[in-house]
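# Topology and contacts: notes
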Amino acid sequence: MTLTLVHPLPFSSPSHFSLSSPNNFSIRFKLQASSSLQLSSNPKSSNSQYLSHQKTGVIVVGAGLAGLAAANRLYSENIPFLLLEASDGVGGRVRTDVVDGFLLDRGFQIFITAYPEAQKLLDYQALDLQKFYSGARIYFDGRFHTVADPIRHFWDSLKSLTNPIGSILDKLLIGLTRIQVLTKSDAEILSANEVTTVDLLRNIGFSDSIIGPFFRPFFGGIFFDRELQTTSRLFDFIFRCLALGDNTLPAKGIVAIPNQLAAKLPPNSILLNTRVASIDFHESSSGEITTPRVRLENGEILQSEIGVILAVEEPEVDKLLAGRNIKPVQRKPPRSTVCIYFSADRDSIPVEDPVLFLNGSGKGIVNNMFFATNVAPSYGPPGKALVSVSLIGLFEDVSDDDLSREIVQELSGWFGDSMVKSWKYLRTYRIGFAQPNQCPPTDLKKNSRVESDLYLCGDYMTSATFDGALVSGRKAVEALLKERVFTRV
């Protein structure tokens with residue numbers, strides 16, 4: 001039976017509930033009343049006095065996509081919760097900054113409309129999604145060549161049959177691969193036998209003339225893995241989503257996605273700039289292990305009466321659970337990226353098309369780039385263009401200035417010296433943990449439950465995609481509900 005609250009706030013008005021485990025062991029508790037907490041960017045504000053030793057139903061740590069999805073599921077079940085976020089805004093890695101009137105997403109991020117979980121949770125019309133061209137323009141052998149989706153851009157695809165990006169057989173194999181992934185369900189794809197993506201492509205029969213110039217920069221840019229060591233399961237899942245949907249950007253920046261999820265939650269349920277120091281477990285006077293307590297960095301304590309969901313990245317999970325008797329996990333090095341932005345006058349960019357450019361030359365440091373204002377004009381002021389350039393890896397030994405100069409020099413070979421050197425540098429984003437490393441062997445259906453009343457979610461639990469993060473948040477709450485059946489007394 002669903003827990004029903006008259007006021008679905010993080011700290012409820014006094015109500016008695018019992019929760020029962022599958023073994024019919026019941027715990028009776030009373031959710032304590034408190035004054036309403038304001039959504040504050042400062043946990044030491046005048047409202048922080050209400051935090052110390054307060055109780056709530058579920059505490060979700062981390063307001064990225066996974067944490068927001070978990071919070072939305074809890075709210076739909078009328079379960080009281082509090083969502084804690086260490087930074088100054090929701091979204092985790094999915095954030096957007098405003099710089100000189102431009103919208104700068106923190107790293108190269110594209111939203112695919114066919115993500116199945118996203119379709120259930122998001123209002124696409126409200127996001128005002130702006131579409132990319134369904135294909136790419138590849139810089140290869142000193143020239144640009146088009147690879148196009150034959151369903152959406154038939155004539156462009158037909159004209160590309162004789163270009164040097166793959167043989168005619170390669171292009172037919174793309175169509176065959178599309179059909180094969182469309183005949184499988186997402187569950188079948190994510191649990192199928194796996195190899196690396198590059199081995200899958202070779203097993204299918206693709207030649208190096210398309211693996212190098214197209215698949216490495218295109219899927220390498222999605223996985224932040226140009227060597228294509230990522231699991232074939234993830235390749236098939238993304239390939240299926242690309243066949244069914246569009247690549248897009250929300251008109252208000254990629255942060256519009258987490259903002260929409262946050263807007264669905266009740267007032268006062270999210271606390272920003274509230275960093276968690278540890279998750280504590282302790283015994284009651286009767287010797288029972290109680291539900292976890294969350295200790296904040298400022299020393300304040302929150303008590304969960306139902307459970308804690310950790311929706312943070314893997315390194316932070318290890319830190320928060322340090323000292324717990326949990327089987328250690330061998331972590332793979334995360335995927336990293338650098339994204340550099342430039343501004344330009346509208347007449348100082350080579351195209352008006354909303355197309356993604358790929359580096360198929362096998363030389364240089366640029367992996368992919370695009371003119372964001374060609375996709376979504378709202379990403380820049382009137383008359384201005386926003387240039388987004390992505391690299392794979394962190395380039396830690398190269399300064400931002402040297403990196404931007406090297407990019408300008410490289411792209412001058414693509415578009416011409418006078419044009420590119422007129423662009424103005426805006427900002428560099430170095431993202432050390434852009435994605436979890438999902439090379440084989442993988443488990444894309446991990447159990448959310450760590451131990452009683454403690455659950456995990458994040459894209460590392462499922463697939464390293466927007467959709468994977470959303471799925472993991474839902475599954476963490478489902479695991480909690482499975483363990484605890486709520487009944488009103």
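Residues numbered from 1 in each chain as written. Predicted model: local features only at pLDDT ≥ 70, side-chain atom pairs only at ≥ 80, totals over all residues. Heavy atoms only, no water.

### As for the overall build of the protein
If you tally the helices and strands in the protein, you get 15 helices and 23 strands. Per-residue burial over the protein gives 57% buried out of 489 residues. Taken as a whole, the protein presents about 20800 Å² of accessible surface, with 51% of it coming from carbon and sulfur. (Helix = DSSP H or I, 4+ residues; strand = E, 2+ residues; numbered from the N terminus. Buried < 20%, exposed > 50% of the residue type's maximum accessible area, 1.4 Å probe, protein only. Areas by Shrake-Rupley, 256 points an atom, 1.4 Å probe, with all protein chains shown as cover.)

### What to know about the environment of Leu190
Inspection of the secondary structure assignment puts Leu190 in helix α6 (residues 186-190). Placed 273 residues apart in sequence, Leu190 and Ser463 show a C-alpha to C-alpha distance of 8.2 Å. Apart from the residues lying within four places of it in its own chain, the contact partners of Leu190 are Arg233, Phe237, Leu444 and Lys445. (Contact = heavy atoms within 4.5 Å.)

### Section: the packing of aromatic side chains
Both the distance between ring centres and the angle between the ring planes are used here to describe each pair of aromatic rings. Under the counting rule described, the total for this entry stands at 31 aromatic pairs. Ring centres 6.1 Å apart and planes at 90 degrees place the aromatic pair Tyr341 and Tyr429 in the edge-to-face group. Residue Tyr341 is located in strand β16 (residues 335-345), and its partner Tyr429 is located in strand β20 (residues 424-435); the two are separated by 88 residues in the primary sequence. A relative accessible area of 3% places Tyr341 in the buried class. Classification of Tyr429 as buried rests on a relative accessible area of 10%. One aromatic cluster is present, formed by Tyr139, Phe144, Phe342, Phe357, Phe371, Trp414, Phe415, Trp423 and Tyr425 through successive ring pairs. (Phe/Tyr/Trp six-rings, centres within 6.5 Å; stacked < 30°, edge-to-face > 60°.)

### Here's the deal with the environment of Phe433
On the secondary structure map, Phe433 appears in strand β20. Considering only alpha carbons, one finds Phe433 and Pro333, 100 residues apart in sequence, at a separation of 9.0 Å. The residues contacting Phe433, other than those within four sequence positions of it, are Arg93, Glu313, Glu314, Pro315, Pro334 and Arg335.

### Observations concerning the nonpolar core
Judged by nonpolar contacts, the single largest core of 97 residues is most densely connected at Phe215, Phe219 and Ile309. Setting aside anything within four residues of it in sequence, one finds Phe219 in contact with Leu228, Phe235, Ile238, Phe239 and Leu242. Ranked by size, the runner-up nonpolar core spans 28 residues in total, among them Ala344, Val355, Ile365 and Phe371. (Core = buried A, V, L, I, M, F, W, Y, C linked by side-chain atoms within 4.5 Å.)

### Some remarks on the pairing of strand β11 (residues 247-250)
Judged by which residues are buried, β11 turns out to be covered on both faces: Asn247 and Leu249 on one side and Thr248 and Pro250 on the other are all buried. One ladder, built from three bridges, connects strand β8 (residues 129-131) with β11; its direction is antiparallel. Directly across from Leu129, in β11, lies its bridge partner Pro250. (Pairing = 2+ DSSP bridges.)

### Re the side chain of Ser160
Relative to the helices and strands, Ser160 is located in the loop between α4 (154-159) and α5 (168-182). With a relative accessible area of 8%, Ser160 lands in the buried category. At a separation of 2.7 Å, a polar atom in the side chain of Ser160 contacts the main-chain carbonyl oxygen of Ser157. Excluding anything up to four places from it in sequence, Ser160 contacts Thr146 and Lys171. (Polar contact = N/O pair within 3.5 Å; in protein donor to acceptor, adjacent residues only side chain to side chain.)

### Some points on the environment of Ala256
Residue position: Ala256 is located in helix α10 (residues 256-263). For Ala256, a relative accessible area of 14% puts it in the buried group. C-alpha separation for the pair Ala256 and Val94, spaced 162 residues apart in sequence, amounts to 9.0 Å.

### Here we look at unusual backbone geometry
The residue after Pro440, namely Pro441, is reached through a cis peptide bond having omega 0 degrees. Residue placement: Pro441 occurs in the loop between β20 and β21 (449-451).

### Digging into the pattern of salt bridges
Scanning the model with the defined rule gives 28 salt bridges in all. Among the ionic pairs, Glu117 bridges to Arg474, the shortest N-O distance being 2.7 Å. One end of the pair, Glu117, is in helix α2 (residues 116-121); the other, Arg474, is in helix α15 (residues 466-483), with 357 residues separating them in the sequence. The class for Arg474 is partly exposed, based on a relative accessible area of 21%. (Salt bridge = Lys/Arg side-chain N within 4 Å of Asp/Glu carboxyl O.)

### Re the packing of helix α1 (residues 65-76) against α10
Direction vectors running N to C along α1 and α10 enclose 25 degrees, while the axes themselves pass 9 Å from each other. The angle between α1 and α10 places the two elements in the roughly parallel class. Crossing handedness for the pair α1 and α10: left-handed. Only Ile257, Pro258, Leu261 and Ala262 of α10 make contact with α1, whose side of the interface consists of Leu65, Leu68 and Asn72. When the residues that make up the contact of α1 with α10 are grouped by side-chain class, the tally is six nonpolar, one polar and no charged. (Axes fitted to C-alpha atoms, helices over the stretch in contact; angles between N-to-C directions. Parallel < 35°, antiparallel > 145°, perpendicular 65-115°, else oblique. Left-handed = near helix turned anticlockwise from the far one by under 90°. Nonpolar A, V, L, I, M, F, W, Y, C, P; charged D, E, K, R; others polar.)

Keep in mind these values describe shape, not function.
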